[in-house]
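Observations on the model geometry
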Amino acid sequence: MNKHHESTGPAEGQQITLRGPAELADALPYLMGFHPDDSVVMVALHGGRGRFGGRLRLGIPQAPGEWGPVAEQLAASLISGSERREGRPDAIVIFLCQDSPDGASARLTMERLRPFAQSLRTACGALDVPVLEALCISDGRYWSYCCPDSRCCPAQGNPLALPGTTVMAAAAAYAGIQVRGTLRDMEARLAPWQAPDAAFAQLQALGRAEPSLVPRILDERTKTEVAGETLELARTLMGRLGRARSAPEAVSDFEDDQSIGDDEAAALILGLQDRETRDKAAAWMEGPGAQSALRLWRALARRCVGPYGEHAAAPLTLAGWVSWSTGDEPGARVALTMALRADPEYTFAQLLHRACNEGLDPETLRRCLRGEGETADARVEADADAAGTGAGTAGAAGTAAEATAARGPALHVRRVRPLPNRERRGTGRRATDTGRRPPTPGTTRPGTGATARRTRYGRRDTGSHS
């Protein structure tokens, strides 16, 4: 197998040579910033030494019938995106990461995914870019779909190296590169509450706030007043969260949830559906207040339970923006992907996802939000178009698709028609990343057969979400 060189970033000029499938498999979490479980990852290689370039991740489609079309579009997306940034890739490396359901049948998982690996190899070859290596990573072991030699790639697979024991791990530690856990762990911090009692209490609070708050947001005479109330409440909660003691992530999230009342969260979630209010809140993207803002947006995303799942697009987009602005690109991509999963037409999330994936400098948008006069949507759109880039959001067929850069209206508010109290118990189930638009989170009590009806209210000329 060819040697591959990868710059570790902070240590300028430092390069790591990866030799063979074992070191490629070990390097994957450091390339992505997290362990990409239930994912297909494709990485472009450039030059004779195999320098790593652009990379693409998508949840593995559940239906094998989708694998062929998905493979073709993923290959086209990675190659065309690489051509825009660094030139046409000379080769591609593929990773299929999925643990077995029982934790003991990794080889069956590997064999089940073999046709998908073959489809990806065929799709890349059809575009005249060879696949240098295709690996399956499952249950702590890896297999090569390309190597037929059982002496180095036995049928039972090879164990992954112990964490922290490889050259890549040492180089990453020296360079300050951190692995943030699994993708599933990162998404769980942003997913709606699953505890039925907590979710139901928040659902009731949202239902109480909506009849009085939404009409005021839609009324030109009172919308500015509501925006001021929303931002003042956000500042109050940020101050409350900022005074909390430092704690591990799981503990911190729990304490943040306990620090915010259901009615407070409901008022903020609904208030942030106004685009102008959301853009003003996006200005809290740097300095001492950025982390408090990030914690607040995460907490609000967790409160978008049941039929209010689509409302999470606003706090998730804000969380993604603050993460990107403060240098956490993996966290930004996860939050923005979830925002687009909540509302695939949410323009601000589309544009930020596009700009982040294409490596644009967030300082341009930071200058805008510091008061240079342009709206956030317009500035990101202009910069992304100037770079000639396309977005890597998931399309309806579960493939990488380019997001549109159409500007939305100045106001767009979502409204939920609540069900009778006896039928409004939501669980806030987390949607899986299958590439399709997920069902609306939440359930009703068994036997009612009722579903939540959601109607969007906005200006008459509303053409897209923002």
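Residues numbered from 1 in each chain as written. Predicted model: local features only at pLDDT ≥ 70, side-chain atom pairs only at ≥ 80, totals over all residues. Heavy atoms only, no water.

A word on the packing of aromatic side chains
Per the stated rule, a full pass over the model turns up three aromatic pairs. When the centroid spacing of 5.8 Å and the interplanar angle of 75 degrees are considered together, the rings of Trp321 and Trp324 count as edge-to-face. Of the two residues, Trp321 and Trp324 are both situated in helix α12 (residues 313-325); the distance of three residues between them amounts to about one turn of the helix. (Phe/Tyr/Trp six-rings, centres within 6.5 Å; stacked < 30°, edge-to-face > 60°. Helix = DSSP H or I, 4+ residues; strand = E, 2+ residues; numbered from the N terminus.)

What about the layout of surface pockets?
Here the second largest pocket defines a volume of roughly 500 Å³. Taken together, 24 residues make up the lining of the second largest pocket; nearest its centre are Ala25, Pro29, His35, Ile137 and Leu160. At the level of secondary structure, the elements contributing two or more residues to the lining of the second largest pocket comprise α1 (20-32) and β6 (131-138). The element best represented in the lining of the second largest pocket is α1, accounting for six residues. Split into classes, the residues belonging to the lining of the second largest pocket amount to 13 nonpolar, six polar and five charged. (1 Å grid on protein atoms, 1.4 Å probe; cavity = no way out; pocket = protein on both sides within 12 Å on 5 of 7 lines; lining within 4 Å. Points joined across faces, edges and corners; volume = space filled by probe spheres on them. Nonpolar A, V, L, I, M, F, W, Y, C, P; charged D, E, K, R; others polar.)

Overview of the sheet that holds β6
Each strand in a sheet pairs with another by means of backbone hydrogen bonds, the pair being arranged parallel or else antiparallel. The strand order across the open sheet formed by six strands is β4-β3-β5-β6-β7-β8, and the pairing between neighbours is mixed. The sheet is open, and its two edges are formed by β4 (51-59) and β8 (158-159), each paired on a single side. The pairing of strand β3 (residues 39-46) with β4 spans seven bridges and is classified as antiparallel. Residue pairing across strands places Met42 opposite Leu56, the latter belonging to β4. Against the sheet, helix α3 (residues 106-126) engages β3, β5 (91-97), β6 and β7 (141-144), with an angle of about 155 degrees to β6. (Pairing = 2+ DSSP bridges. Contact = heavy atoms within 4.5 Å. Axes fitted to C-alpha atoms, helices over the stretch in contact; angles between N-to-C directions.)

What about the packing of helix α2 (residues 67-85) against α3?
As a packed pair, α2 and α3 sit with axes 8 Å apart at the nearest point and diverge in direction by 40 degrees. One finds that α2 runs oblique with respect to α3. Relative to α3, α2 is oriented so that their crossing is right-handed. Facing α2, whose interface residues are Trp67, Gly68, Val70, Ala71, Glu72, Leu74 and Ala75, α3 presents Arg112, Leu113, Pro115, Phe116, Ser119, Leu120, Ala123 and Cys124. For the contact of α2 with α3, a count of residues per class yields eleven nonpolar, two polar and two charged. (Parallel < 35°, antiparallel > 145°, perpendicular 65-115°, else oblique. Left-handed = near helix turned anticlockwise from the far one by under 90°.)

Description of helix α6 (residues 196-218)
With 23 residues, α6 should cover 33 Å at 1.5 Å per step; its first-to-last C-alpha distance of 32 Å lies within 8% of that length. Approximately 50 degrees is the largest bend angle found in α6, and it occurs at Glu210, with the proline Pro211 only one to four residues beyond. Those residues of α6 not exposed but buried are Ala199, Phe200, Gln202, Leu203, Ala205, Leu206, Gly207, Ala209, Glu210, Leu213, Val214 and Ile217. (Expected span 1.5 Å × (residues − 1). Bend = angle between axes of the 7 residues up to and from the residue. Buried < 20%, exposed > 50% of the residue type's maximum accessible area, 1.4 Å probe, protein only.)

Notes on the confidence of the model for the chain
Put simply, the chain has an average pLDDT of 77, and 72% of its residues get 70 or more. In this model, residues 1-13 is a region of pLDDT below 50 whose contacts with residues beyond four sequence positions or in other chains number 43 contacts. Here residues 372-464 is modelled with pLDDT under 50, and outside its nearest four sequence neighbours on either side it reaches 239 contacts, counting other chains as well. (pLDDT = per-residue confidence, 0-100.)

So, the environment of Gly261
The residue Gly261 is located in the loop between α8 (249-259) and α9 (262-271) in this model. Sequence-wise, Gly261 and Leu237 are 24 residues apart; in three dimensions their C-alpha atoms are separated by 9.8 Å.

Describing the packing of helix α7 (residues 223-242) against α9
Between α7 and α9, the shortest axis-to-axis distance is 10 Å and the interhelical angle comes to 130 degrees. The orientation of α7 with respect to α9, classified from their angle, is oblique. Note on packing geometry: the crossing formed by α7 with α9 is left-handed. Residues Thr230, Leu233, Ala234, Leu237 and Arg240 of α7 pack against Glu264, Ala267, Leu268 and Gly271 of α9.

Some thoughts on the pattern of salt bridges
Under the definition given, this model contains 23 salt bridges. Salt-bridge contacts for Arg189 lead to Asp253; the nearest nitrogen and oxygen are separated by 2.8 Å. Residue Arg189 is located in the loop between α5 (183-188) and α6, and its partner Asp253 is located in helix α8; the two are separated by 64 residues in the primary sequence. According to the relative accessible area criterion, Arg189 is buried, its value standing at 14%. Given a relative accessible area of 10%, Asp253 falls into the buried group. For Glu264, the salt bridge goes to Arg240, with nearest N and O atoms at 3.1 Å. (Salt bridge = Lys/Arg side-chain N within 4 Å of Asp/Glu carboxyl O.)

Observations concerning unusual backbone geometry
The phi angle at Asp128 is positive, at roughly 65 degrees, despite the residue not being glycine. The exposure class of Asp128 is exposed, given its relative accessible area of 66%. For Asp139, which is not glycine, the phi torsion reads 55 degrees and is therefore positive. Tracing the backbone through its elements, the reader meets Asp139 in the loop between β6 and β7. Overall, Asp139 belongs to the partly exposed group, its relative accessible area being 25%.

Observations concerning the nonpolar core
With 85 residues, the main nonpolar core has Phe95, Trp284, Leu296, Trp297, Leu300 and Trp321 as its most contacted residues. For Leu296, the contacting residues outside a window of four places in its chain are Ala234, Leu237, Met238, Leu241, Ile260 and Leu268. Judged by nonpolar contacts, the second largest core, of 30 residues, contains Leu74, Ile94, Leu96 and Ala134. (Core = buried A, V, L, I, M, F, W, Y, C linked by side-chain atoms within 4.5 Å.)

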